[in-house]
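Here is what each chain is made of, one letter per residue.
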Amino acid sequence: MKLKRLALGLLLASAIDSFAEDLKPAAWIALPAVGSSPETGFQYGAYVMRIFPQKEPQIRQNRLEILIQGTTQGQYQAYLWPNVYVAHGRWNISGKLGGQYWPSDYYGQANRTPDEGDSYVDSAVESSISATRKLTDTLYLGASLLSEWHSIENRLDLTEPQLLDAKVTGQSGGRYIGLGLSAQIDTRDNADWSRSGHLLASRLELYSESMGSDLDFYLTELSAARFIAIGPDVLAMRVHSQLASAYTPFTHLPRPTGDGTLRAANGNRWIDFSALGGQLEYRKTLGQKWAAVAFFDTTQVAPSLTELQLTQFHYSIGSGVRFATTPDRFNIRLDLGWVDGQDLNFAISVGEAF
């Protein structure tokens, strides 16, 4: 499964919030982009950020982020993200440009799948530009223009029966162009290590042939997270759902992720047109730098939300350690999870799972 944008960019946001009120100078930040998940194996590479001089107090600095990364499973990606604040910080203009060469496996579209999948490679170029308006201290609305090109190479002998056949939408790739809309209510006290408040987020992506897309389809995401302080510790909980329309390419269908929503699992095993999940985590503070967590993640996919069954949820139960890289506790994390009572795996990443 394709990696999403690394949370390393939040390192800058945490540092900026902790600085004094003086205008901040330009700087360079370079970090190793390492991690691990069952979908990718070990991840290696470099992350570089250019921070531009601050123009006004209380407004975050403009920045440009660059990621170049590979994995031990022969996956490669390179992306850059510009991020600019205008109109005294009321508007945030951001973008994405990059591509990937991403070998992966397709196991079919179901909540229970075979142990072996069909091997394929997704070669893609992606770009987007987004504008987000801060309406109040806690309410944000945004819109995006999205453009992607995918080429799918099936690595199997085409004379043999296969799961990734011509009936699968997006089996050969295509051009997908659309619009995105987002809304967020955020009352958290800290985006990196939240101790109180909540985060309600929604997103809708509409891809249309009228805009030049090869397919008409939509994707929606909804999530709600709550954080409760228990002395120096935190009880965190989250529910999330995804829904895709008919004719959504299989590369875009809802699924769990092994480093985020179903930790230590291979999320490529379970994809379908809808997904519902929940997460519960207790975060134990051990000092200024270290913390430990115990977590329970669960997710199920189905053709529709009405077809979800209480007995069919996948789960991961486990624990992890955190090491803070900033005073606001932007963490490097290691999670060890027991998936469906069968597989014991680990995931290394940056930032919290939610």
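Here we summarise the structure given alongside this text. All chains use their own residue numbering, which begins from 1 and follows the written sequence. In keeping with the predicted nature of the model, local features appear solely for residues at pLDDT of at least 70, side-chain atom pairs appear and are counted solely at 80 or more, and the whole-chain, interface and lining totals rest on all residues. To get the side-chain values, take all heavy atoms of the structure and skip hydrogens and water.

**Structural notes on the packing of aromatic side chains**
Ring pairs shown here join Phe, Tyr and Trp side chains whose ring centres sit within 6.5 Å, with only the six-membered ring taken for Trp; geometry is labelled stacked below 30 degrees between planes, edge-to-face above 60, and tilted in between. The tally for this structure, following the rule as stated, stands at eight aromatic pairs. Arranged with centres 6.0 Å apart and planes meeting at 10°, the rings of Tyr79 and Trp81 form a pair that is stacked. The two residues Tyr79 and Trp81 agree in class, both being buried. Look at Tyr207 and Phe217: their rings are 4.5 Å apart centre to centre, the planes differ by 10°, and that puts the pair in the stacked class. Under the scheme applied here, a residue whose accessible area is under 20% of the maximum for its type counts as buried, over 50% as exposed, and between as partly exposed, the area being computed with a 1.4 Å probe on protein chains only.

**Quick look at the pattern of salt bridges**
We count a salt bridge whenever a side-chain nitrogen from Lys or Arg sits within 4 Å of a carboxyl oxygen from Asp or Glu. In this structure the tally under the stated criterion is 13 salt bridges. One salt bridge in this structure joins Arg63 and Glu65, with 3.4 Å as the shortest N-O distance. Note on accessibility: Arg63 and Glu65 belong to one class, buried. Residues Asp335 and Arg263 are paired through a salt bridge, measuring 3.5 Å at the closest nitrogen-oxygen approach. Here Asp335, found in strand S16 (residues 331-339), pairs with Arg263, found in the loop between strand S12 (233-244) and strand S13 (274-285); they are 72 residues apart in sequence, far enough to count as distant. Both residues of the pair, Asp335 and Arg263, count as buried. Runs of E in the DSSP output that reach at least two residues are strands. Runs of H or I that reach at least four are helices, and both are numbered from the N terminus.

**A look at unusual backbone geometry**
Of note, the phi angle at Tyr247 is positive, near 70°, even though the residue is not glycine. With respect to the helices and strands, the residue Tyr247 is situated in the loop between S12 and S13. The exposure class assigned to Tyr247 is exposed, which follows from its relative accessible area of 57%. Of note, Asp340 is a non-glycine position whose phi angle comes to about 55°, a positive value. Its place among the elements puts Asp340 in the loop between S16 and strand S17 (343-350). Looking at Asp340, the relative accessible area reads 18%, which means it is buried.

**Concerning the pairing of strand S9 (residues 173-186)**
Note: two strands are recorded as paired if DSSP finds a minimum of 2 bridges between them. Sheet analysis places strand S8 (residues 139-154) next to S9, joined by 13 bridges and oriented antiparallel. Following the sheet pairing, Leu146 is matched in S9 by Gly178. When S9 meets strand S10 (residues 197-207), the two strands line up antiparallel, connected through nine bridges. Of the residues in S10, the one forming a bridge with Ser182 is Arg203.

**A word on the pairing of strand S4 (residues 63-71)**
Relative to S4, strand S3 (residues 41-51) runs antiparallel, the two sharing nine bridges. Among the inter-strand pairings, Tyr44 is bridged to a residue of S4, identified as Gly70. Pairing geometry for S4 and strand S5 (residues 76-86), over eight bridges, is antiparallel. Note on S5: the bridge partner recorded for Glu65 is Trp81. Linkage of S4 to S5, two consecutive antiparallel strands, is achieved through a turn of four residues, within which Gly74 is found at a positive phi near 75°.

**Structural notes on the environment of Thr138**
Here Thr138 lies in the loop between strand S7 (118-134) and S8. Of the residues examined, Thr138 reaches a relative accessible area of 29% and is grouped as partly exposed.

**Some words on the environment of Gln242**
In this structure, Gln242 sits in strand S12. When its relative accessible area of 24% is taken as the criterion, Gln242 is described as partly exposed. Considered as a pair, Gln242 and Trp290 are 48 residues apart in the sequence and their alpha carbons are 33 Å apart. Setting aside anything within four residues of it in sequence, one finds Gln242 in contact with Thr220, Glu221, Pro254, Arg255, Phe273, Ser274 and Ala275. Contacts are assigned to residue pairs with any non-hydrogen atoms lying within 4.5 Å of each other.

**Points about the side chain of Ser241**
Considering the arrangement of structural elements, one finds Ser241 in strand S12. Sequence-distant contacts of Ser241, defined by excluding residues within four places in its chain, comprise Thr220, Glu221, Leu222, Ala275 and Leu276.

**As for the nonpolar core**
To qualify as a nonpolar core, a set must consist of buried Ala, Val, Leu, Ile, Met, Phe, Trp, Tyr and Cys residues joined through side-chain atoms within 4.5 Å. One finds Tyr106, Tyr120, Leu164, Tyr207 and Phe250 to be the most contacted residues of the largest nonpolar core, which totals 14 residues. Elements that contribute at least two residues to this core include exactly S8 and strand S11 (217-230). If you look at the next biggest cluster of nonpolar residues, it comprises eight residues, including Trp193, Ala225, Phe227 and Ala291.

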